[in-house]
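Architecture at a glance
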Amino acid sequence: MSETPPEPDSTDAVIAAWARERPDLELTAIGIVGRLGRAALLLRPAQERVFTEFGLQPGEFDVLATLRRAGEPYTLIPSQLSAALLLTRAGMTNRIDRLVAAGLVERTLDPNDRRSFHIRLTEKGYTTVDQAMTAHTANVTRLLSALPETGQAALEDLLRTLLRALEAPDDRDTE
């Protein structure tokens, strides 16, 4: 039995054009990276719509979600938030300022180090992030529903392997 090839997507046209112009190139990796990038671009607005329903920007949701995942007392210091979100301290300060103004987090001095602050979810922040996470989970589940469960599991495994490789320190720089 032969398997039916998948329907072409927008990236197939790009790959076909490059294959015509540069038949000497192996373009499999270009197709994969192109599809990952295009999927991310298409997923982002669909995710942002959910966050907007809760009065949040995606980066603000990320801060609230990081605090919520930290567990009780739902408190971290700004450098921990910055590290978790791969964000500069200045970028983190802007997000925290907006969340403080919205009453979703509070900033308190560290009693052991007067130069450091703690960022803690407020009750309003806790409720908001839990509701937003429920809606976000339902939304991304819907967005990925075109893939069968076995395909989702396989994609997750492949992306995990790719991310491990991309996040690993590059030993080639020291050689």
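The name an unreviewed UniProt entry gives the protein is MarR family transcriptional regulator, with Nocardia fusca as the organism.

All right, on to the overall build of the protein then. Each helix and strand in the protein was counted, giving 7 helices and 3 strands. Its helices and strands in sequence order give the protein the pattern α-α-α-β-α-α-β-β-α-α, from N to C terminus. A globule of 175 residues ought to have a C-alpha radius of gyration of about 16 Å, yet the protein, at 21 Å, is considerably larger. In terms of overall dimensions, the protein has C-alpha extents of about 65 × 45 × 25 Å along its principal axes. Put simply, the protein has 175 residues, and 22% of those count as buried. Relative to all contacts within the protein whose residues are 6 or more apart in sequence, the contacts with residues 24 or more apart total 47%.

This part is about the pairing of strand 2 (residues 105-110). Examined bridge by bridge, strand 2 and strand 3 (residues 113-121) share 6 bridges and lie antiparallel to one another. Bridge pairing in strand 3 places V105 opposite L121.

Time to look at helix 1 (residues 10-21). Spanning 12 residues, helix 1 covers 18 Å between terminal C-alpha atoms, matching the ideal 16 Å at 1.5 Å per step. Looking at where helix 1 begins, the residue whose side-chain oxygen comes 3.0 Å from the main-chain nitrogen of T11 is D9.

Where charged atoms from two side chains of opposite charge come close, those side chains can pair. Inspection of every chain in the model, using the stated rule, returns 11 salt bridges. Notably, a salt bridge pairs D9 with R35, separated by 2.6 Å at the nearest N-O pair. Taken together, the positions of D9 in the segment before helix 1 and R35 in helix 2 (residues 28-53) put the pair 26 residues apart, joining distant regions of the chain. Salt-bridge contacts for R68 lead to D130; the nearest nitrogen and oxygen are separated by 2.7 Å. Taken together, the residues span a long stretch of sequence, with R68 in helix 3 (residues 58-69) and D130 in helix 6 (residues 123-143) at a distance of 62 residues.

Here the structure, examined in full by the defined rule, presents 2 aromatic pairs. With 4.4 Å between their ring centres and 20 degrees between their planes, F51 and F61 make a pair best called stacked. Placement of F51 in helix 2 and of F61 in helix 3 is noted, with a sequence separation of 10 residues between them. The same class applies to F51 as to F61, namely buried.

So, on to the pairing of strand 3. Relative to strand 3, strand 1 (residues 75-76) runs antiparallel, the two sharing 2 bridges. Pairing of T75 across the sheet is with R120, part of strand 3.

A separate point is the environment of A153. With respect to the element layout, A153 can be found in helix 7 (residues 149-167). Its relative accessible area of 37% is what places A153 among the partly exposed residues.

What follows is about the nonpolar core. The biggest cluster of nonpolar side chains holds 20 residues, and the ones touching the most others in it are L56, L64, L67 and L81. Elements with a minimum of two residues in this core: helix 3, helix 4 (78-85), helix 5 (89-101), strand 3 and helix 6.

Turning to the packing of helix 1 against helix 2, a few remarks are in order. It is the contact of helix 1 with helix 2, at a shortest axis distance of 10 Å, that shows an interaxial angle of 145 degrees. For helix 1 against helix 2, the interelement crossing comes out right-handed. Counting all contacts with helix 1, which are made through S10, T11, D12 and I15, the residues of helix 2 involved are I30, G31, G34, R35 and R38. Class assignment for the residues of the contact of helix 1 with helix 2 results in 2 nonpolar, 4 polar and 3 charged.

What counts and how
- Residues numbered from 1 in each chain as written.
- Predicted model: local features only at pLDDT ≥ 70, side-chain atom pairs only at ≥ 80, totals over all residues.
- Heavy atoms only, no water.
- Helix = DSSP H or I, 4+ residues; strand = E, 2+ residues; numbered from the N terminus.
- Rg over C-alpha atoms; globule rule 2.2 N^0.38 Å.
- Buried < 20%, exposed > 50% of the residue type's maximum accessible area, 1.4 Å probe, protein only.
- Contact = heavy atoms within 4.5 Å.
- Pairing = 2+ DSSP bridges.
- Expected span 1.5 Å × (residues − 1).
- Polar contact = N/O pair within 3.5 Å; in protein donor to acceptor, adjacent residues only side chain to side chain.
- Salt bridge = Lys/Arg side-chain N within 4 Å of Asp/Glu carboxyl O.
- Phe/Tyr/Trp six-rings, centres within 6.5 Å; stacked < 30°, edge-to-face > 60°.
- Core = buried A, V, L, I, M, F, W, Y, C linked by side-chain atoms within 4.5 Å.
- Axes fitted to C-alpha atoms, helices over the stretch in contact; angles between N-to-C directions.
- Left-handed = near helix turned anticlockwise from the far one by under 90°.
- Nonpolar A, V, L, I, M, F, W, Y, C, P; charged D, E, K, R; others polar.

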